[in-house]
Amino acid sequence: MNTSRVTAIIHRDLAESVIKVFKSNGIYYYHMEPARYPVLAKRGLWFFDFYQNQSIIDTPVIIFEIICSDKSVSYLTTLIRDSAELNVPGHGSVYSESINLLTEVPNPYIYSTTLKAKPIGFSGLKGIFCILPRGSAEPLARLLLQNGIAVPTISYGTGSGLRDRLGLLRITIPKEKEILKLVVHSSDAEHVLDFMIEVGRLDLPGRGFIFEFPVGHGLLNTKVSLEGAKQAASMDQIISALDQLYGNMDWRKKSNQFRQNTRHRNYFEGVNIVLNSKEETMEFAISSLRKVGVTSSTISLNRLVHTGNEESLFTPAREVANLLIPKKNQSEVIEVLQEIGFFTTDYEGIVYSMEIPRAFSYQSKPSKKK
């Protein structure tokens, strides 16, 4: 079965409406994770407008992830759009990605339906996934919003492995990480990657990594700022209306507005292997993978919710890790996971992969041999 992952980022106040729709439509399993949407807010100094600057206001959101068959994507995204009224700026986003499921899972875990719906949202999109030290995501998010690039989502994780090999540098690199994700027009993806690498200083050791991932269709949040009611419609509403009027996001392309990058970036390609297991098991699994070249990962927490009448086949408290590796090493990773029993009840492991066309992280220069 060809499978996809549908990701919905919903304002916390609307999450209950989405959960009700999941229950009433036989969506037995879905993952939940708390996160935040940063929004620009003007903070004036006294009554002088020209002293105003822009601070960040956090909007609490819930990230839902559902694994489903490819044929069910349009119906599922339509359900989510309608239940959360995602055409309204600030309510959230929904998008789909193709995945390659690398493990057997019980049928109810993969949502499948014969009901049909037209694809919603826009095509021609790319997602960007970036891991940064704690405290680094907000300044970067502010610049993304101020430049009108995209509305990012920020969640949290814990790093493992890399700090232990950085000697004295380990005391300056916090273990706590922030995970920043956004979706942009595909023609802007390379420029946005370069922008984020430069601003986030990702070319330095211990600063994290970044990669882009393919997105199927997406309906994206356009809420950038807390604009006052000076006009009949806010700028966010106008952007959303133009998206729907044109039927795409091509008019928002910014490629020709970015400066041309003259710096050579040593991008690499591979696969993103997503590991999901019950809580307090992931760190051992990651350490076991060091013998096949997996040096570090960031572990985040989420909850696997079960809506059926029978008992759940999985433990609700879950840990998630994203491994960025060369595609040729994928089989070695699976072999090690099988050796440690990752797919047994000890771990309740779920594994899938996604193609990564472009990724970047600090790479030490090879030493010169005498």
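Residues numbered from 1 in each chain as written. Predicted model: local features only at pLDDT ≥ 70, side-chain atom pairs only at ≥ 80, totals over all residues. Heavy atoms only, no water.

1. Observations regarding the packing of aromatic side chains
Overall, the coordinates contain 13 aromatic pairs when judged by the stated rule. For the ring pair Phe342 and Phe343, a centre distance of 5.7 Å and an interplane angle of 90° mean the geometry is edge-to-face. A relative accessible area of 0% places Phe342 in the buried class. Ring pairs connect the aromatic residues Phe129, Phe209, Phe211 and Phe213, which therefore count as one cluster. One cation-aromatic arrangement involves Arg358 over Tyr267; the distance from NZ or CZ to the ring centre is 5.8 Å. (Phe/Tyr/Trp six-rings, centres within 6.5 Å; stacked < 30°, edge-to-face > 60°. Buried < 20%, exposed > 50% of the residue type's maximum accessible area, 1.4 Å probe, protein only. Lys NZ or Arg CZ within 6 Å of the ring centre and 35° of its normal.)

2. Things to note about the pattern of salt bridges
Per the counting criterion, the structure on display carries 14 salt bridges. Its salt-bridge partner being Glu97, residue Arg5 comes within 3.1 Å of it at the nearest N-O pair. One end of the pair, Arg5, is in strand E1 (residues 3-11); the other, Glu97, is in strand E4 (residues 92-101), and 92 residues separate them in sequence. For the pair shown, Arg5 and Glu97 are each scored as buried. Between Arg134 and Glu178 there is a salt bridge, with its nearest N and O atoms 4.0 Å apart. Note that Arg134 is positioned in the loop between strand E5 (125-133) and helix H3 (137-146) and Glu178 in strand E7 (residues 176-185), a separation of 44 residues in sequence. (Salt bridge = Lys/Arg side-chain N within 4 Å of Asp/Glu carboxyl O. Helix = DSSP H or I, 4+ residues; strand = E, 2+ residues; numbered from the N terminus.)

3. Some remarks on the confidence of the model for the protein
The predicted coordinates should not be examined in detail at positions where pLDDT is low. Mean pLDDT over the protein works out to 86, with 87% of the residues at or above the 70 mark. This stretch, residues 47-51, has a pLDDT under 50; its non-local contacts, to residues over four places away or in other chains, come to 1 contact. (pLDDT = per-residue confidence, 0-100. Contact = heavy atoms within 4.5 Å.)

4. Let's talk about helix H7 (residues 330-339)
Looking only at H7, the buried set comprises Gln330, Val333, Ile334, Val336 and Leu337. Relative to the axis of H7, the buried residues are bounded by an arc of 160° and lie together on one face. In H7, the exposed positions angled more than 90 degrees off the buried face are occupied by Gln338 and Glu339. Elements in contact with the buried residues of H7: E4, strand E10 (268-278), helix H6 (282-288), strand E12 (317-325) and strand E13 (350-361). (Arc of directions from axis to C-beta.)

5. Points about the packing of helix H1 (residues 15-24) against helix H2 (residues 73-84)
Two elements in contact, H1 and H2, have axes whose closest approach is 8 Å; the angle formed by their N-to-C orientations is 140°. Considering their axes alone, H1 and H2 lie oblique with respect to each other. In this structure, H1 crosses over H2, and the sense of that crossing is right-handed. Judged by residue contacts, Ser17, Val18, Val21 and Phe22 of H1 engage Leu76, Leu79, Ile80, Ser83 and Ala84 from H2. Residues belonging to the contact of H1 with H2 are distributed by class as follows: 7 nonpolar, 2 polar and no charged. (Axes fitted to C-alpha atoms, helices over the stretch in contact; angles between N-to-C directions. Parallel < 35°, antiparallel > 145°, perpendicular 65-115°, else oblique. Left-handed = near helix turned anticlockwise from the far one by under 90°. Nonpolar A, V, L, I, M, F, W, Y, C, P; charged D, E, K, R; others polar.)

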